[in-house]
Amino acid sequence: MKENAINTVLANELCVGCGMCTYMHEDVIEMKWNENGFLVPHLKENASLSKYDLALCPFNPKPVSEVRTEDEIASLFLQDAPNYHRNIGRYNKIYAGYSADFRSRSSSGGIATLVFASLLESGEINHIISVRESSTNFYEYAISSTKEELLQASKTKYYPVTLATVLPKIIDLPGVVAISGVACFIKAIRLAQYHHPELRQKIKFLVGIICGGLKSSFFTDYLASKSGIEDGNFKSPAYRIKDLSSTAYDYSFGCIEAHTCIEKQIKMKNVGDMWGTGLFKAKACDFCDDVTTELADISLGDAWIHPYAKDGAGTSVIVTRSAAADKLIQTTLAQGKLNIHLMPLEEFLKSQSGSFNHRQKAQPFRIKKATDQGDIIPPKRFVAEDISYPSKLVQTIRLKVRANSLLFWSQYPGAASFDSRMRKDLLTLKVVTKLNQKIRKYLD
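Here's a quick rundown of the structure.

Definitions and cut-offs
- Residues numbered from 1 in each chain as written.
- Predicted model: local features only at pLDDT ≥ 70, side-chain atom pairs only at ≥ 80, totals over all residues.
- Heavy atoms only, no water.
- Helix = DSSP H or I, 4+ residues; strand = E, 2+ residues; numbered from the N terminus.
- Contact = heavy atoms within 4.5 Å.
- Areas by Shrake-Rupley, 256 points an atom, 1.4 Å probe, with all protein chains shown as cover.
- 1 Å grid on protein atoms, 1.4 Å probe; cavity = no way out; pocket = protein on both sides within 12 Å on 5 of 7 lines; lining within 4 Å.
- Points joined across faces, edges and corners; volume = space filled by probe spheres on them.
- Nonpolar A, V, L, I, M, F, W, Y, C, P; charged D, E, K, R; others polar.
- Phe/Tyr/Trp six-rings, centres within 6.5 Å; stacked < 30°, edge-to-face > 60°.
- Lys NZ or Arg CZ within 6 Å of the ring centre and 35° of its normal.
- Core = buried A, V, L, I, M, F, W, Y, C linked by side-chain atoms within 4.5 Å.
- Buried < 20%, exposed > 50% of the residue type's maximum accessible area, 1.4 Å probe, protein only.
- Expected span 1.5 Å × (residues − 1).
- Arc of directions from axis to C-beta.
- Salt bridge = Lys/Arg side-chain N within 4 Å of Asp/Glu carboxyl O.
- Pairing = 2+ DSSP bridges.
- Axes fitted to C-alpha atoms, helices over the stretch in contact; angles between N-to-C directions.

### Quick look at the overall build of the protein chain
Thinking step 1. Secondary structure summary: the protein chain contains 15 helices and 15 strands in total.
Thinking step 2. By principal-axis analysis of the C-alpha atoms, the protein chain measures approximately 55 × 55 × 55 Å.
Thinking step 3. Summarising the internal contacts of the protein chain: among those between residues at least 6 apart in sequence, 70% fall at separations of at least 24.
Thinking step 4. Accessible area for the protein chain stands at about 19,700 Å²; split by element, carbon and sulfur atoms hold 51% of it.

The following block contains the structure:
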């Protein structure tokens, strides 16, 4: 790769696998698996790349001033949004609720499927680009042009995917498209729209999925092993199998053992904390401060607070950011397709408070540790916040857990062996986290 371009991102482990670097370079750049179970760009054999910059990369260390951070990008694409909050960006309205038609087949409230189905039915959008099952990599970005195809893409998948599988096809599709993605993927699309205006005309609607962090493929392998499949030979992993008789937190992972076709399941509460620990997470996620996919037309996530979390069927939080998104919500509500209500700002902030604390308030501490080690970090918005010594200790241990989880699984795949090697770090993190919580509660 050209020095100081893609290699800069790869060397600093800032690649999220979005694949936007392949746009107009798919003849020389391809996405391949790295040693840590992530998709990253590689120069094709016998190919040369004489000129390349990082303009479309969401973790570009030196972006132009017009798109320096999410704030500047939002001012270009969401300038009509009447409200702004430092933690969640520009927005129109905030709701909580679900779609009665699609809730049962979704990971949460079924709002993403409803939004896409409505866009297709109205003719406003001709094609949906979202993640669905693949014959090669469990899941991949694919194009849906009918409701039947769309329904195959329901539910959240915590597995590495890349837009590179669809980017070469977008321009040649008749009509216009909508795309779903997590924050860094949505940012990459907005950067592409800024630098390539033809994409702004082609991509008319973005659905943002509120994300707790990108997981390595090792995460799926680990869960399959925990469910009882030791040889890694499985298919159809499902990450959010609901228990309608329990709470929203009480979901299961499931997959099918390939040679017996027997489904295996395990309750995630029996696996342990997969999100607050940083296990199998991409390093780049530690330098993302966009908690709520601020650059999408509409942002969707889980309502992780009382009373919504008591409902095992799932409830979504909905943030509309463009006039088109709010109109769509109002139209589907009038048609009786939605069961939603306005959500107070304070309640929404509370529903995502863990992510705000980790990804925004604690981010300056992680940035300092990284830059002290010589790492290059893109411009960030949360730079003045400070955290307590116990919180810094929690952050330090989480960084170690993240790195060790990828190292140990690559060397010792298998849940029993992995758990044994991670036990000390995870126990230390658990004890220090509880101590930190008690201190914070006492000081509050």
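After that view of the structure, there is still more to cover.
### Regarding empty space enclosed by the protein
Taking a probe equal in size to a water molecule and rolling it over the atoms shows the remaining empty space.
Thinking step 1. In the structure shown here, the tally under the stated rule is 7 cavities of 30 Å³ or more.
Thinking step 2. Here the largest cavity is characterised by a volume of approximately 160 Å³.
Thinking step 3. Surrounding the largest cavity, 18 residues form its lining, Val 9, Cys 15, Cys 18, Cys 21 and Cys 57 being those nearest its centre.
Thinking step 4. As a volume, the second largest cavity reaches approximately 110 Å³.
Thinking step 5. Along the walls of the second largest cavity sit 17 residues, with Ser 107, Arg 240, Ala 248, Asp 302 and Gly 314 positioned nearest its centre.
Thinking step 6. A per-class count over the lining of the second largest cavity returns 6 nonpolar, 6 polar and 5 charged.

### Some points on the packing of aromatic side chains
Thinking step 1. Under the defined criterion, the tally for this structure stands at 19 aromatic pairs.
Thinking step 2. One aromatic cluster is present, built from ring pairs that chain together Tyr 139, Tyr 158, Phe 219, Tyr 222, Tyr 239, Phe 253, Trp 275, Phe 280, Trp 409 and Phe 418.
Thinking step 3. In this structure, Lys 215 packs its charged tip against the face of Trp 275, placed 4.4 Å from the ring centre.

### Some remarks on the nonpolar core
Thinking step 1. Met 20, Phe 59, Tyr 141, Leu 163, Ile 179, Tyr 222 and Phe 280 are the most contacted members of the largest nonpolar core, which totals 89 residues.
Thinking step 2. When residues in this core are grouped by element, the largest group, 7 residues, is from helix α6 (residues 183–195).
Thinking step 3. Excluding residues within four positions of it along the chain, Tyr 222 makes contact with Val 271, Met 274, Phe 280, Trp 409, Ala 415, Phe 418 and Asp 419.
Thinking step 4. In terms of nonpolar packing, the next biggest core, distinct from the first, is built from 24 residues, Ala 117, Ala 178, Ile 298 and Ala 325 among them.

### Here we look at helix α10 (residues 323–334)
Thinking step 1. Taking 1.5 Å of rise per residue, the 12 residues of α10 would be expected to cover 16 Å, and the 16 Å separating its terminal C-alpha atoms lies within 8% of that figure.
Thinking step 2. Residues of α10 that are buried include every one of Ala 325, Asp 326, Leu 328, Ile 329 and Thr 332, and no others. All buried residues of α10 lie within an arc of 155° about the axis, which places them on one face of the element. Of the residues in α10, the exposed ones pointing more than 90 degrees away from the buried face are Ala 323, Lys 327 and Ala 334.
Thinking step 3. Looking at the buried positions of α10, the neighbouring elements they touch are β5 (93–98), α3 (111–122), β9 (203–209), β13 (298–302), β14 (316–320) and β15 (339–342).
Thinking step 4. Backbone geometry just after α10 places Gly 336 at a positive phi near 75°.

### A short note on the pattern of salt bridges
Thinking step 1. In the structure shown here, the tally under the stated rule is 22 salt bridges.
Thinking step 2. Measuring nitrogen to oxygen at the nearest pair gives 3.8 Å for the salt bridge that ties Asp 326 to Lys 93. Linking Asp 326 in helix α10 with Lys 93 in strand β5, this pair joins segments that are 233 residues apart in sequence.
Thinking step 3. Note on Asp 326: relative accessible area 10%, which makes it buried.

### Focus: the environment of Gly 276
Thinking step 1. With respect to the helices, strands and loops of the structure, Gly 276 is situated in the loop between α9 (268–271) and β13.
Thinking step 2. When the C-alpha positions of Gly 276 and His 358 are compared, they lie 9.0 Å apart, and in sequence the two are 82 residues distant.

### Some details on the pairing of strand β1 (residues 29–33)
Thinking step 1. Two elements, β1 and strand β2 (residues 39–43), share 5 bridges in a ladder whose sense is antiparallel. Across the sheet, Glu 30 pairs through a bridge with His 42, a residue of β2.

### What about the sheet that holds strand β10 (residues 234–241)?
Thinking step 1. Read across the open sheet, the 3 strands follow the order β10-β11-β12; overall the sheet is antiparallel. Since the sheet does not close on itself, it has two edges, and those belong to β10 and β12 (263–267), each with one partner. For this sheet, the mean angle separating the axes of adjacent strands, direction not counted, is 15°.
Thinking step 2. Relative to strand β11 (residues 252–257), β10 runs antiparallel, the two being bridged by 4 bridges. In the strand pairing of β11, Ile 241 is matched with Ser 252.
Thinking step 3. Sitting on the sheet, helix α8 (residues 217–226) is in contact with β10, β11 and β12, with an inclination near 90° to β10.

Honestly, it's all geometry; don't read function into it.
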